[in-house]
Each structure stands twice: as C-alpha cells, then as structure tokens.
Amino acid sequence: MRKYVTKKKQFLHGGDYNPDQWLDRPDILAEDLEFMRLSKTNTFSLGIFAWSALEPREGEYDFGWLDDLFEKIHNNGGNIILATPSGAKPSWMAKKYPEIRRVTSKREQELQGRRHNHCFTAPVYREKTAQMNRKLAERYGKHPALLMWHVSNEYGGECHCDLCQTAFRGWLKEKYGDDLEKLNQAWWTSFWSHRYQEWDEIESPSPLGEHEMHGLVLDWRRFVTDQTIAFYENEASPLRELTPDVPITVNFMADTDELIPFQALDYSKFAEHVDVISWDAYPAWHKEGVTTADLAMRVGFVDDLYRSLKQQPFLLMESTPSGVNWHGVNKTKRPGMHLLSSMQMLAHGSDSILYFQWRKSRGSSEKLHGAVVDHDRDPNNRVFQDVTEVGNVLERLQPVAGSFREAEVAVLYDWDNHWALQEIQGFSKETLRYPQTAQEHYRYFWEQDIPVDVITEKQDFSNYKVLVAPMLYMLPIAMQERLKAFVAAGGTLVTTYITGIVDENDLTYLGGWPEIMQEICGVKLGETDTLYPSDSNRLTYAGQTFEVKDYAALLKVTDGEVLATYQDDFYKDTPAVTRHSFGKGRTYVIGARTEQAFHEMLYREITEEAGIGAPFAIEHEKGVSVQVRTADEEAYVFVMNFTEEEQTIRLPFELEDILTQRKEDGQVRLEKYAVRVYVHKGI
C-alpha cells in the first residue's frame, strides 16, 4: 500500500526560490524558468522570507510579482509549496509594534534584524500573521500549481517578555489545576527556600535569576513548545478553513554539528499538528575526524525518527547540493556524494529532494551558501550537473514514491528525557550524550540492514518485537506500566544505566529502583560509577572481554540471569549485563556503557532470538548500507557505499537496477560513493 503525502504521485525535486530578491532583474527570472527545465526540477518553495515584498508598508499589498511567478512556474510544469512569511518580520512592523521583538533570558529586548526572532505571544503579531495567511489562502488556495503550505520556517527560540511571562503563568495554572501547592511540590521549591506564595512570583529561567530549579526549567521548555505550536495553529487556522484539502508542513531541523535531533522543541508534540513531516538536513560530509559511514548512520537515525513520527513518508525540505556557509570549514561535496546522500534520504522514506537554495543570493549572510544556480549562472558547472543527475534519477524512481518501510525494531527517543538530562547536575555532563547514545544502539541495526523505527513515548510500541530504550532517566509510572505490558505480551525490552531515576516532574523515586522495573527486569539498579575519560573497566561476556567507559551501574540480581560481569574495581565480578524472562517476553539490562563490539554480539543474539533479520540478505562490508522500501508487492532495495573505497557486494539472486536497467547477480562492485536501486517483485 502506498501513501502519498501530497496530491502529486511523484518525487518532488527543487527547493527554496526567492524571486523577491531579483524583481529588478527580469532577465534573471526568465533564466530561472529555463534552468528549472534543464535541471529536471519540479517543485519550488516561494515566499519564505518575502513579507516586505508582499506588504512593503502596512496595509499596502503587492501580490503582482507572486501572481506572475505562480503562472509561469505552473506553465513550466512546476509545483509550488507556498510559505507563510512569518519567519522574518518586516522592519516597518518591528518599528510600529515593538512588542513583537523578542526579549532574551537576560531581559534585554532585541533590536530588529536577523530572522526567527519574533514573540510567539504578542497578539498583534498573531493578528498580522493570520491576516497575511488569509490573504494568501484567498488568492492562491485554488491555484492548480499549489501543492502544499509551508508554514513559517524552522520554528525555534524563545521570548521572555512580559506577555510571555503572563502566558507562562497561565500555562502553569492550567497544568497544576490553579493549585500553587501542587507546583511547589512538583518543583521541590522548599529547596533553597524558593517556595512561591503568589503566581506572579514565578519568572521564566534566567541567568540573572533562577535557572537551576529543574522543575521550572523543564516546564518552561514544555511551555515553549506549546506556545510555539499555539502560534503555528494561529497561522494554520485560515489555511485549514479556506484550503482544507491542501496539506500543511513545518520544516523541522537537526543539530548539524553531530546530526542529532533538534532539541529546543518537542517535535513529538508538534508532529500531531502538521499533515506532513519535513526537515532540513545539512550533514557535514567529508568532515575531518568523522567517517562517511558514521555520519550516514546518524542521518539515518534522524530520518527514521522523523519518518516514524507520523508513520508515513516525509519530505526533505532543505539540503545543499554542494556546501553551506556556516560550518567551521565549508567543504563542498565530492563527486558522487550528492547523488548518494540524496538516495539515502529516499531509502529512509523521503518523497522529495529539495534544496536551499535555488539561486545564490548576491549579498548578505547566505550569498556563499550552496545553491543549484551559482553566481556564474552556468548550467554546465559541476553542481548544476549533479542536481540534474538527481532529477534524472528521480524520474526513473517514480514507482518508489509513496512506498513505506516496515520495522520490527524500535529505538525509543524522548525530548522530555533529554531536557531533564541536560539539567541533571550529576554524573558527567560531558559524557551523558543521550541522543548520541541512542544512535550508538541504533548503529548495530543500521549496519546489519535491519529496519528501525525511532519512536517516542507518545507512540504505540506494542507491535514491535524489540524495543531498545537507553538512558530513560525520566520514566513516569504510566510508561513503566506500558513497558511491563509490552514485555508480558512477548516483546523484548533492552534498557540501560541511568534509567528510571526520576518521574515526569524530575523528582527522584524513593526506595530504590521502581518496583515495576525490578519486576520486569529481575534486578535492582544501584549506584552508578561515573568514570573519568582516563578511567577504564572491562566486562566479560560470552568468553570475551569488552571495554567499559563513562558509566558502570551496580546491578543486584533478584530473579534474573547474569550475562556479563565487571572485571575491575570494587565491583569486580558483579553483574554488568542481565537477562530476565517476564510473561511471554524478555528484558535485558545493560549496566555499563561499552564499546560497539559488545553491542554487535548482544544485539545479534537478541535479533536471532526474535527472528529478526535484514529484508534482503545482501553480503557486504561495513560502510555499505542496504535499506528497503516496499509497496504494491514490490521491494525497492537501495544499496549505498558510504566509504572512500571500492566495495564488493554479493546479491542473493538476480536483481534489476532501476537506475541502469541492468540485471545483476552474484558479486557486484560498487565504486566509491556508488549507489544501486534494485527492484524485487512478488514479495
């Protein structure tokens, strides 16, 4: 079964187009239309930062240029993703309505400038955005070129103005039932004599005041997510009213330094409010000290998380065809990498390859950011030809669009849990690295070509065979009950050190490890030894010895089986890894952070026991990834070489490569960065 996330049954190829920067150059605009045809691009995001062009002065609108582009792109065979322009407020508005300018945590109001710096609470900005969006929906809502709405751009940041303080207190009153004593208890305000007697005593976290009260910080982050969603819903309301059949997306982000999920907003909540998940991916390919395969694994993790949020294909809304302008070193993609990285996105569930940006800006901060059309305006340059190659490939891969990925393994990732760990003031902040730890557990499955859904606590996990839940420091009782039901019904749960220490209010559990976790795991989780980088320990498992680093939890077995023991320190010969049968399922507790070789041995045992394997048994070395999308009794098998050397793979039987339309069997050589897309019918 296929699920198309837009009304077009095709892969989208194109990206952010800013014609408002070139309105005085009709020759450039005409050239763009010709280059769109040459590059095999078909979809363009318009209006993202165009407010000053759409409404140059308050109440004076100019839609003529946008009308013209709609018609020309449509006549050119293109689709339009129309953005709302709220991501960058115009200067006239910031001057007339200063309350829309954000206030920092130091209580300093920002000047006009940059972008993404408006107050989400200010009534006038909500009024202005809703008014603008209604005009856009009335004017373009029924245009045949309109494919979907792109609401604002890369939501993020926070405001600490008086309006937001009032809204925060109102949010708290609702959460705690207008009972200040409940808040005092949840935040443990008796510590340092910080009890509140009146609601208006509460201030958002600030380096000038309170910022170490964990309950306050946690609730503030939850509020920021909810307030951002409320602002978004205000934007989306006229669009849903006037164009109910046009899907809405918001472009999510990732931390680009290490390729981990964006942390400032809880996307698991935000996902419930959008029709289509899209995200902006900017991996630092060819980065010094990071292998291509390692970075590809991290990209796969984020892809699988964002795809799993709605259990449907997602869209790659922004990427670069070459380099960016904001890394420490802005290295361009090497030959072959653009096609390979684009195919990875498709392999993990994307139905688009879209870029920032279509044409390089002539001035300002992003004039050297990668683009399809460079300053040389030459369609024969390497980058333009790389984009054209992707366009040609996407046309051949049209049958893959709308197909999905099925998984029997889930890795649990939780934003609340990460926020709590960020404020923990314990263990070692330098080595906690919760998202990276989740990725390290994901790594085995990625390397073994086993499909994975990266899910959140809000999602149903009852149908998976294996659930990997590392470092669930924040583990509410309700979630413990769900884990118990999962294992009792036959599931395999893997959990680790630094799990089950606090509840949803970041209050520690009294009496030791929670009873539910003891029951399903057959152990008690005791104290956790935090190691210096120069410290080491070892554990022995199945006759082999593996390194222990960073953390080693002391486990007391009550009804479980010891699989591995520590080899050094005062806890020598005590349990390091345990297994326990509960109901129809099993639990594994990994007490220590270990090397990847241990994960490989343990997860091989777990997956074999659960009867889980790769959908296609293609033999290959590390650095080659095989990912599968299925639909209509067909499997589309992406084989990708994320190494700098030629690799040899072995196919189990004859398969046809969609890209070359050649049939291959047995041993196949993959050049550096090479990719194959095989089709197998009759699954």
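Residues numbered from 1 in each chain as written. Predicted model: local features only at pLDDT ≥ 70, side-chain atom pairs only at ≥ 80, totals over all residues. Heavy atoms only, no water.

What follows is about the overall build of the protein. Across its full length, the protein holds 18 helices and 28 strands. Since a compact globule built from 683 residues should have a radius of gyration of about 26 Å, the 26 Å found for the protein is in line with a globular shape. With 683 residues in all, the protein has 61% of them scored as buried. Nonlocal contacts in the protein, meaning residues at least 24 apart in sequence, comprise 74% of its contacts between residues at least 6 apart. Side-chain charges of the protein comprise 75 positive and 105 negative groups, with the mean position of each set lying 4 Å from the other. (Helix = DSSP H or I, 4+ residues; strand = E, 2+ residues; numbered from the N terminus. Rg over C-alpha atoms; globule rule 2.2 N^0.38 Å. Buried < 20%, exposed > 50% of the residue type's maximum accessible area, 1.4 Å probe, protein only. Contact = heavy atoms within 4.5 Å. Lys, Arg positive; Asp, Glu negative; His and termini not counted. Charge placed at Lys NZ, Arg CZ, Asp CG, Glu CD.)

All right, on to the packing of aromatic side chains then. Applying the stated criterion to the full structure yields 46 aromatic pairs. Centroid distance W220 to F223: 5.2 Å. Interplanar angle 35 degrees. Geometry classified as tilted. Here F223 and W220 lie together in helix α8 (residues 214-242), a separation of three residues that amounts to about one turn. Side by side, W220 and F223 carry an identical accessibility label, which is buried. Measuring from ring centre to ring centre gives 5.4 Å for Y232 and F270, while their planes differ by 65 degrees; the resulting arrangement is edge-to-face. Of this pair, Y232 sits in helix α8 while F270 sits in helix α9 (residues 267-270), and the two are 38 residues apart along the sequence. Its relative accessible area of 0% is what places Y232 among the buried residues. Among the residues examined, F270 registers a relative accessible area of 0% and is labelled buried. Its end group placed over the ring of W22, R359 keeps NZ or CZ at 5.9 Å from the ring centre. (Phe/Tyr/Trp six-rings, centres within 6.5 Å; stacked < 30°, edge-to-face > 60°. Lys NZ or Arg CZ within 6 Å of the ring centre and 35° of its normal.)

The subject of this paragraph is empty space enclosed by the protein. Using the criterion set out here, one finds six cavities of 30 Å³ or more in the structure. Its boundaries defined by the atoms lining it, the largest cavity holds a volume of some 120 Å³. Lining the largest cavity are 15 residues, and of these A281, P283, S319, K333 and S341 sit closest to its centre. Grouping the amino acids of the lining of the largest cavity by side-chain chemistry returns eight nonpolar, six polar and one charged. For the second largest cavity, the calculated volume is near 60 Å³. Forming the walls of the second largest cavity are F120, T121, E158, C159, C164, W220, F223, V224, Q227 and T228. Element by element, the count of residues in the lining of the second largest cavity is highest for α8, at five residues. For the lining of the second largest cavity, a count of residues per class yields six nonpolar, three polar and one charged. (1 Å grid on protein atoms, 1.4 Å probe; cavity = no way out; pocket = protein on both sides within 12 Å on 5 of 7 lines; lining within 4 Å. Points joined across faces, edges and corners; volume = space filled by probe spheres on them. Nonpolar A, V, L, I, M, F, W, Y, C, P; charged D, E, K, R; others polar.)

A few words on unusual backbone geometry. Residue Q357 is reached from F356 by a cis peptide bond, and omega for that bond is 15 degrees. Following the sequence through the fold, Q357 ends up in the loop between β10 (352-355) and α12 (382-396). One non-glycine residue with positive phi stands out, namely K40, at about 55 degrees. Secondary-structure assignment places K40 in the loop between α1 (26-38) and β2 (43-46). Given a relative accessible area of 31%, K40 falls into the partly exposed group.

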